[in-house]
Amino acid sequence: MTDENARVDPRILRTRQLIKEALIDLLQEMELNKITVNRIAERATINRVTFYLHYRDIQDMLEKMAQEMAEDIEDIMRSSTNKESTGETDSLMLESLLEHIAENAKFYKVVLGTRRTPIFTERLLKILTEAITKRTESSSFRDAAGIQRDVAIWYGSSALIGTIVSWLRNDMPYTPQYLAKQLSMLFRIGGK
């Protein structure tokens, strides 16, 4: 949560949360293009005017939700990228990320586990690509196998997103800690 949210009236935060939960519930039931402000307002038990006090339209709402998601994930990544990249710090960062996703599983299952809202997957891919890029710059990344650094970054970020999406779609059969350790071992094997 950003500092801005800390200063916002709790009633506003509650209303925004109701609106977000209504959208997430509706996304579980129907395609995005069939969702209307009326449906969101009705599900959130608010009126349309209240919706428009917070968002210009549904696209604006999606943009703001994606930005909040990005800030939360960047905070998690930033807290571990300040440290030297080791297998243990990478595992702890992955564990923190996966715990965050598990705590907000309903949201992430809808926005990442379906193809209805690509904006969230694109933002997460961008964040993970940046984090992996920083890790390869600060670590002793070797291109011993003749693999171009950018190809390794694309592969690592896409594989991580794909694993997270599959984990969500399969109802998170592994704990965040176990999955983080498994991913860390894979990354070490891959020479990252």
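Residue indices begin from 1 for each chain and proceed along its sequence in written order. Totals for whole chains, interfaces and linings use every residue, but because this is a predicted model, local features are given only for residues with pLDDT of at least 70 and side-chain atom pairs only at 80 or more, for both listing and counting. Each side-chain value is worked out from all heavy atoms of the structure, with water and hydrogens disregarded.

A. Main features of the environment of Y52. Helix numbers and strand numbers start at the N terminus; a helix is a DSSP run of H or I with at least 4 residues, a strand a run of E with at least 2. Mapping Y52 onto the fold places it in helix α4 (residues 48-54). The partly exposed category is assigned to Y52, whose relative accessible area is 37%. Distance from Y52 to A41, taken between C-alpha atoms, is 9.8 Å for residues 11 residues apart in sequence. We call a residue buried when its accessible area falls under 20% of the maximum for its residue type, exposed when it is over 50%, and partly exposed in between, using a 1.4 Å probe and counting protein chains only.

B. Summary view of the packing of aromatic side chains. Any pair of Phe, Tyr and Trp rings, taking the six-membered ring for Trp, is counted once the centres come within 6.5 Å. Such a pair is stacked with planes under 30 degrees apart, edge-to-face with planes over 60 apart, and tilted for the rest. The tally for this structure, following the rule as stated, stands at 5 aromatic pairs. On the numbers, 5.6 Å between centres and 45° between planes, the contact of F51 with Y55 is tilted. Measuring from ring centre to ring centre gives 4.9 Å for F107 and Y108, while their planes differ by 80°; the resulting arrangement is edge-to-face. Take F107: its relative accessible area is 16%, and that puts it in the buried class. Taken together, the ring pairs in this structure connect F51, Y52 and Y55 into an aromatic cluster.

C. Fine view of the packing of helix α2 (residues 10-29) against helix α3 (residues 37-44). Between the N-to-C directions of two axes lies an angle of 0 to 180 degrees, each axis being a line fitted to C-alpha atoms and, for a helix, fitted only over the stretch in contact. Two numbers describe how α2 lies on α3: the axes approach to 8 Å, and their chain directions differ by 115°. Judged by the twist between their axes, the crossing of α2 over α3 is right-handed. In contact with L18, I19, A22, L23, D25, L26 and E29 of α2, α3 contributes R39, I40, R43 and A44. Amino acids are sorted into nonpolar (Ala, Val, Leu, Ile, Met, Phe, Trp, Tyr, Cys and Pro), charged (Asp, Glu, Lys and Arg) and polar (every other residue, Gly among them). Classifying every residue of the contact of α2 with α3 by side-chain character gives 7 nonpolar, no polar and 4 charged. The handedness criterion is simple: a crossing whose near helix is rotated anticlockwise from the far helix by less than a right angle is left-handed, and one whose near helix is rotated clockwise is right-handed. Two residues qualify as a contact provided that any one of their heavy atoms is within 4.5 Å of a heavy atom in the partner residue.

D. Representation of α2 in the model. Here, expected helix span is obtained from the residue count minus one, scaled by 1.5 Å. Helix length check: α2, at 20 residues, gives a terminal C-alpha distance of 29 Å against a target of 28 Å (1.5 Å per residue), a fit within 8%. Among all positions in α2, only T15, I19, K20, A22, L23, I24, D25, L26 and L27 are buried.

E. The arrangement of the environment of L97 in detail. Inspection of the secondary structure puts L97 in helix α6 (residues 87-103). Given a relative accessible area of 0%, L97 falls into the buried group. Along the primary structure L97 and I164 are separated by 67 residues, whereas in three dimensions their C-alpha atoms are 10.0 Å apart. L97 has contacts with I73, I76, L128 and I164, leaving out every residue within four places of it along the chain.

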